[in-house]
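Descriptive structure summary
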Amino acid sequence: MRDLASLRAEFALAPGLLYMNHAAVAPWPRRAADAACRFAQENAATGAAHYPRWLETEQRLRQRLARLINAAPDDVALLKNTSEGLSTVAFGLSWGPGDSVVGVASDFPSNRVVWEALAEYGVGFRGVEVNGVADPESALMAACDASTRLLAVSWVHYVTGLTLDLERLGEFCRQRDILFCVDAIQGLGALPIDVRACRVDFLAADGHKWLLGPEGIAVFYCRPEVRDRLRLRQIGWHSLEHPGDYDRPAWSLATSARRFECGSPNLLGIHALEASLSLLEEIGADWIAGRVRGNTRRLREACRSLPRVEVRGPEEPGRWSGIVSLRVADRDSARLVSRLAAAGILCASRGGGVRLSPHFYFQDNEIERCLNALCVLIAE
Ligand SMILES: Cc1ncc(COP(=O)(O)O)c(C=O)c1O
């Protein structure tokens, strides 16, 4: 299913609304909204009578997420959000004074503060700047030394859209016995990823951006070989090997990544996200990435020719994602964003610039409409 008009029809966006804000919180496709409505109606009519069927949907979601990142379903946990996944790693590993974590200095707060908070265990966080640097992977690798236990990066930078070469970083980490943790929220659903090829130890991503799902339901991947290195800071019935066997006095943790799931699952979110992922899977990750990067190319090229506009982020197409950030000289970005919103174009102000983030289903004429609106605002 790759006909753009029918893909566009998968979304019930309000007429005239250009949604260029998938890097913030995405709109759901119709099928996700329908799944959530059906789930709500079923709850209202029959309570949890169909719980076994709901659990089948949960299993399907786990399988879809596993396929999306090339992992086994048993290596995937369904957590609340990216931050919870990163915290599971940070506070699950055992640290010693003098250990260090290397990461991105200008990363989204969740992927900085969680490592900085380890200072109380004597762990140092080394933040490396990756934007505007010729070889960001080399800069990150150069910051690692014998004290470095973990490299924690965002796959795609939330302001500039810079995409890091995870394969290169993962290989470096594995060779030096450094754990590799990836915040994938700004890439997953827009670009393909293979956690095995990239030698990722831990990956976390919430569903509400490029995965087109709701907030509060996230994927957490943990490489099985390092699973036992994460001490659990929260445990409940759902973390156990026999979760439904409430009368069993002796218990053990689930051998699978389900051990990271403490209690009752977010089945409402699971139903919606499962439906969103069915759409992404039908279309295919490579085709989606082609469209997403095509949008980025068009926006970057056109914005560069506008007067007083600085297009931020990487020049090399291989480093592009779905995010395009720009600054207009002498213009307040937050004001530009609200003027665009008044014209029916939703985007965000981040890092002092205007961040545009359209997804695969954008039509060329919609990109043109955004560019025209920008031209008008800049000319004022
Ligand atoms: C790179 C990055 N990490 C994490 C988050 C937030 O994650 P969550 O709300 O799922 O914890 C964001 C949100 O913008 C982000 O851009």
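Residues numbered from 1 in each chain as written. Predicted model: local features only at pLDDT ≥ 70, side-chain atom pairs only at ≥ 80, totals over all residues. Heavy atoms only, no water.

What about the pattern of salt bridges?
- One pass over the full model with this rule turns up 28 salt bridges.
- A salt bridge links arginine 64 to glutamate 274; its shortest N-O distance comes to 2.8 Å. Of the two residues, arginine 64 sits in helix 3 (residues 51–69) while glutamate 274 sits in helix 8 (residues 267–283), which places them 210 residues apart along the sequence. Side by side, arginine 64 and glutamate 274 carry an identical accessibility label, which is buried.
- Where salt bridges share partners, they join Arg60, Arg64, Arg67, Glu274 and Glu281 into one cluster. (Salt bridge = Lys/Arg side-chain N within 4 Å of Asp/Glu carboxyl O. Helix = DSSP H or I, 4+ residues; strand = E, 2+ residues; numbered from the N terminus. Buried < 20%, exposed > 50% of the residue type's maximum accessible area, 1.4 Å probe, protein only.)

A closer look at the domain arrangement of the chain
- What the domain assignment reports for the chain is domain 1 (4–20 + 285–379) and domain 2 (32–282).
- On a C-alpha basis, the centres of domain 1 and domain 2 stand 28 Å from each other.
- Each partner contributes to the interface: domain 1 provides 24 residues, whereas domain 2 provides 21 residues.
- Roughly 1,900 Å² is buried in total at the junction of domain 1 and domain 2, and carbon and sulfur atoms are behind 65% of that figure.
- When the buried surface of domain 1 facing domain 2 is broken down by residue, Arg319, Ile323 and His359 rank first, second and third, together holding 32% of it. (Domains from an automatic or database assignment. Contact = heavy atoms within 4.5 Å. Buried area = accessible area lost by both parts, 1.4 Å probe.)

Some words on the packing of helix 9 (residues 285–304) against helix 11 (residues 364–379)
- Between helix 9 and helix 11, whose axes approach to 11 Å, the crossing angle comes to 30 degrees. When the interaxial angle is binned, helix 9 and helix 11 end up roughly parallel. Considering how the two elements wind past one another, helix 9 and helix 11 form a crossing that is right-handed. Residues Arg291, Asn295, Arg298, Leu299, Ala302 and Cys303 of helix 9 form the contact with helix 11, whose own contacting residues are Asp364, Ile367, Glu368, Leu371 and Leu374.
- Looking at the contact of helix 9 with helix 11, its residues break down into six nonpolar, one polar and four charged. (Axes fitted to C-alpha atoms, helices over the stretch in contact; angles between N-to-C directions. Parallel < 35°, antiparallel > 145°, perpendicular 65-115°, else oblique. Left-handed = near helix turned anticlockwise from the far one by under 90°. Nonpolar A, V, L, I, M, F, W, Y, C, P; charged D, E, K, R; others polar.)

Brief notes about the site of the ligand
- Lining the immediate surroundings of the ligand are Asn81, Thr82, Ser83, Phe108, Ser154, Tyr158, Asp183, Ile185, Gln186, Asp206, His208 and Lys209.
- Take aspartate 183: an N or O atom from its side chain is 2.5 Å from a nitrogen atom of the ligand.
- For the ligand, an oxygen atom lies 3.0 Å from a polar atom in the side chain of glutamine 186.
- Out of a free accessible area of 400 Å², the ligand has 88% covered by protein chains.
- Tallied by class, the residues present in the shell around the ligand amount to three nonpolar, six polar and three charged. (Near = heavy atom within 4 Å. Polar contact = N/O pair within 3.5 Å; in protein donor to acceptor, adjacent residues only side chain to side chain. Areas by Shrake-Rupley, 256 points an atom, 1.4 Å probe, with all protein chains shown as cover.)

Description of helix 10 (residues 333–342)
- Those residues of helix 10 lying buried are Ser333, Leu336, Val337 and Leu340. Taken down its axis, helix 10 places every buried residue within 100 degrees of arc, on the same side.
- Buried residues along helix 10 sit in contact with strand 10 (324–328), strand 11 (345–346), strand 12 (348–350), strand 13 (353–356) and helix 11.
- Glycine 344, located one to two residues past helix 10, shows a positive phi value of around 85 degrees. (Arc of directions from axis to C-beta.)

Some words on the sheet that holds strand 9 (residues 309–311)
- Across the sheet, four strands lie side by side as 9-10-13-12; this open sheet has antiparallel pairing. With one partner strand each, in any of the chains shown, strand 9 and strand 12 form the two edges of the open sheet. The average angle at which neighbouring strand axes cross in this sheet is 35 degrees, direction not considered.
- Note: strand 12 against strand 13, three bridges, orientation antiparallel. When the sheet's bridge partners are listed, serine 349 is paired in strand 13 with valine 354.
- Helix-sheet contacts for helix 10 involve strand 10, strand 12 and strand 13, and the interaxial angle to strand 13 is about 40 degrees. (Pairing = 2+ DSSP bridges.)

Some thoughts on the environment of tyrosine 158
- For tyrosine 158, the location among the structural elements is in the loop between strand 5 (148–154) and helix 7 (166–176).
- Linking tyrosine 158 and glycine 352, residues 194 residues apart in sequence, is a C-alpha distance of 12 Å.
- The residues contacting tyrosine 158, other than those within four sequence positions of it, are Ser106, Asp107, Phe108, Gln186, Ile323, Arg350 and Arg355.

Observations concerning the sheet that holds strand 7 (residues 202–206)
- Taken together, seven strands build an open sheet; the order of strands is 2-8-7-6-5-3-4 and the sheet is mixed. Each edge of the sheet is formed by a strand with only one pairing partner; in this case those strands are strand 2 (76–79) and strand 4 (124–128). Averaged over all pairs of adjacent strands, the angle between their axes in this sheet comes to 20 degrees, without regard to strand direction.
- Inspection of the sheet shows strand 5 paired to strand 6 (residues 179–183) by five bridges, in the parallel sense. Across the sheet, the residue bridging to leucine 151 is phenylalanine 180, located in strand 6.

Details of the packing of helix 10 against helix 11
- At a minimum axis distance of 11 Å, the contact between helix 10 and helix 11 shows a crossing angle of 125 degrees. In terms of orientation, helix 10 and helix 11 fall into the oblique class. The handedness of the crossing between helix 10 and helix 11 is right-handed. On helix 11, the residues that touch Leu336, Arg339 and Leu340 of helix 10 are Ala373, Leu374 and Leu377.
- Residues belonging to the contact of helix 10 with helix 11 are distributed by class as follows: five nonpolar, no polar and one charged.

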